[in-house]
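Here are the chains, one letter per residue:
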Amino acid sequence: MSSIVGRFLNYLLVPLYTYCMPKESGDYGISVNMYAYTALALVVLTFGMETTLFRFANREGEKADTVFSTGFAVVAVLSVLFLAMVTIFLTPLSNALGYGGHTEFLLIMVVVTVLDALQALPFCFLRFQKRAIRFASLKMLFIALNIILNVVFFVILGKTEVFYVFAINLLCTAFITFFFVPDMLKIQWRFDGALLRRMLSYSWPLLILGVAGILNQTADKILFPLVYQGDDAQAQLGEYGACVKIAMIMAMITQAFRFAYEPIVFASSKDKDSKEYYAAGMKYFIIFTLLAFITVMAYLNILKHVIGPEYRQGLASVPVVMAAEIMMGIYFNLSFWYKLIDKTIWGAWFSLAGCVALVAVNILFIPHCGYMACAWGGVAGYGTAMVLSYLVGQRKNPIRYPLWEIAMYVAMTAFFYVVVEWSNNNLPVIAALAVNTIVVMLFIAHVIYHDLPGIKDRIIKLCRKR
């Protein structure tokens, strides 16, 4: 819930930026580009230690505090080295990224990335300790403060330059860091060299997996200004980045699912019925992401007002990016087979293959198709990783997924999508919304009738009483 509500509140910044920042200024495109680089850097600095912490802290004979301390030492050392190197080479790096006249952009975002990296394991440890309230409170505090400051600067003070986006992020991130001081003081700090070697052997393939995975999400936003043949690259990137925010509803659902599901999977890995549990988890994940997909498509004529009018030409990318995000979520579900048998190298190979597919599509087709190549590149990348993980996983650690039931839901979603697209393109807005609402209700009714028997029985009993 903290992830869903938090990201929903964070969406309030999208209309703020896209209504206040003219597309032609390229400022919003700059923020999209810069955040893509910082996301990549964050994955490198955390070095796969989040999943590694869950894996080792749940092992018999391992002390959770020692696992945390050892993993945090790795992240801290990498973060300090990263900050030092960027500071030393700040000017040439800024020039290389195309921000030679604004070195402050790079410096601010590097500090933000380092602070985020240092917060990553403490947040992860809160999840391990099942301290959901504190985890959610800190996440929500950051977002609330971020929104308030953005409203003050962009609306009240009229400061609409992208510099203030970065500066506010730095202020909020630094503020949240102080809240971890009491938790850090309670930790029994111990560094274990032998444990470190075991953790690194587990985490380095996760690092490759993470880098490839984040490139699948951000490579298009990094490559676009470099490959696009036109003088309005940042403006076009801003248009694409704004529309992708609507599709990120799917990423929001996937992230919330991951926060809840990952600790459970590792904790229940020794249960005899764990494979049936994973199969059921996959099925319901796909059902509800498909429901989210058809709901967004049904109400796209309303959701499009989240972004400014200048940015709405990129709405055609929304269904494609959402499909890619569903594939990413499925790939995440399929990833547990190699994590649980400590063969994380497989994940690295799958993600690298997906990354190669994505980069190839972007480089080959951006000059001809613009940012729609970025959207389809995501499908190519996540689709490749998903298929490879399933095929190899069924040989190494087979799980009987309900493929027929999943296929039926996919087919039903495809049919409903055609209906929704027809109504959006051929009917007045009110009539289209009415038809689309019926489509969404039919989907929900099907789910309740076939896969949520408890809810179905309650509805039947309620109807009989009336």
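Conventions we followed
- Residues numbered from 1 in each chain as written.
- Predicted model: local features only at pLDDT ≥ 70, side-chain atom pairs only at ≥ 80, totals over all residues.
- Heavy atoms only, no water.
- Helix = DSSP H or I, 4+ residues; strand = E, 2+ residues; numbered from the N terminus.
- Rg over C-alpha atoms; globule rule 2.2 N^0.38 Å.
- Buried < 20%, exposed > 50% of the residue type's maximum accessible area, 1.4 Å probe, protein only.
- Contact = heavy atoms within 4.5 Å.
- Areas by Shrake-Rupley, 256 points an atom, 1.4 Å probe, with all protein chains shown as cover.
- Lys, Arg positive; Asp, Glu negative; His and termini not counted.
- Charge placed at Lys NZ, Arg CZ, Asp CG, Glu CD.
- Salt bridge = Lys/Arg side-chain N within 4 Å of Asp/Glu carboxyl O.
- Phe/Tyr/Trp six-rings, centres within 6.5 Å; stacked < 30°, edge-to-face > 60°.
- Lys NZ or Arg CZ within 6 Å of the ring centre and 35° of its normal.
- Axes fitted to C-alpha atoms, helices over the stretch in contact; angles between N-to-C directions.
- Parallel < 35°, antiparallel > 145°, perpendicular 65-115°, else oblique.
- Nonpolar A, V, L, I, M, F, W, Y, C, P; charged D, E, K, R; others polar.
- Core = buried A, V, L, I, M, F, W, Y, C linked by side-chain atoms within 4.5 Å.

### Digging into the overall build of the protein chain
Turning to step 1, where the next piece is worked out: Scanning the protein chain from N- to C-terminus turns up 21 helices and zero strands.
Turning to step 2, where the next piece is worked out: Scaling as 2.2 N^0.38, a compact globule of 466 residues should have a C-alpha radius of gyration of about 23 Å, and the protein chain matches this with 23 Å.
Turning to step 3, where the next piece is worked out: When its C-alpha atoms are laid out on the principal axes, the protein chain stretches across 65 × 60 × 45 Å.
Turning to step 4, where the next piece is worked out: Within the protein chain, the proportion of its 466 residues that are buried is 51%.
Turning to step 5, where the next piece is worked out: For the protein chain, restricting intrachain contacts to residue pairs at least 6 apart in sequence, the fraction spanning at least 24 positions comes to 82%.
Turning to step 6, where the next piece is worked out: Accessible surface computed for the protein chain: about 21,600 Å², of which carbon and sulfur atoms make up 69%.
Turning to step 7, where the next piece is worked out: Positive and negative side-chain charges of the protein chain, numbering 35 and 26 respectively, have mean locations separated by a distance of 11 Å.

### Some thoughts on the pattern of salt bridges
Turning to step 1, where the next piece is worked out: All told, the structure shown has six salt bridges when counted by the stated rule.
Turning to step 2, where the next piece is worked out: Note that Glu-239 is salt-bridged to Lys-23, the shortest N-O span being 2.8 Å. With Glu-239 in helix H12 (residues 233-267) and Lys-23 in the loop between helix H2 (13-20) and helix H3 (27-46), this pair connects stretches of sequence that are 216 residues apart.
Turning to step 3, where the next piece is worked out: Exposure remark for Glu-239: the relative accessible area of 1% places this residue in the buried category.

### Points about the packing of aromatic side chains
Turning to step 1, where the next piece is worked out: Per the counting criterion, the structure on display carries 24 aromatic pairs.
Turning to step 2, where the next piece is worked out: Judged by centre distance (5.2 Å) and plane angle (55°), the rings of Tyr-17 and Phe-154 are tilted. Pair noted here: Tyr-17 is in helix H2 and Phe-154 is in helix H8 (residues 132-156), with a separation of 137 residues, a long-range link. Of the two residues examined, Tyr-17 and Phe-154, each falls in the buried class.
Turning to step 3, where the next piece is worked out: Taken together, Phe-68, Phe-72, Phe-125, Phe-128 and Trp-189 form an aromatic cluster joined through their ring pairs.
Turning to step 4, where the next piece is worked out: Sitting over the face of the ring of Phe-123, Lys-139 holds its NZ or CZ atom 4.2 Å from the ring centroid.

### As for the packing of helix H11 (residues 193-227) against helix H17 (residues 345-369)
Turning to step 1, where the next piece is worked out: For the pair H11 and H17, interaxial distance at closest approach is 7 Å and the crossing angle is 5°. Here H17 runs roughly parallel to H11, going by the angle between their axes.
Turning to step 2, where the next piece is worked out: Of the residues belonging to the contact of H11 with H17, the class tally is 19 nonpolar, six polar and one charged.

### Examining the nonpolar core
Turning to step 1, where the next piece is worked out: Membership of the largest hydrophobic core comes to 127 residues, with the highest contact counts inside it found for Leu-53, Phe-166, Val-318 and Phe-443.
Turning to step 2, where the next piece is worked out: Here the element with the most residues in this core is helix H13 (residues 274-298); it accounts for 14 residues.
Turning to step 3, where the next piece is worked out: With near-sequence residues (within four places) excluded, Phe-166 lies in contact with Ile-30, Ser-31, Met-34, Tyr-35, Phe-105, Ile-108 and Met-109.

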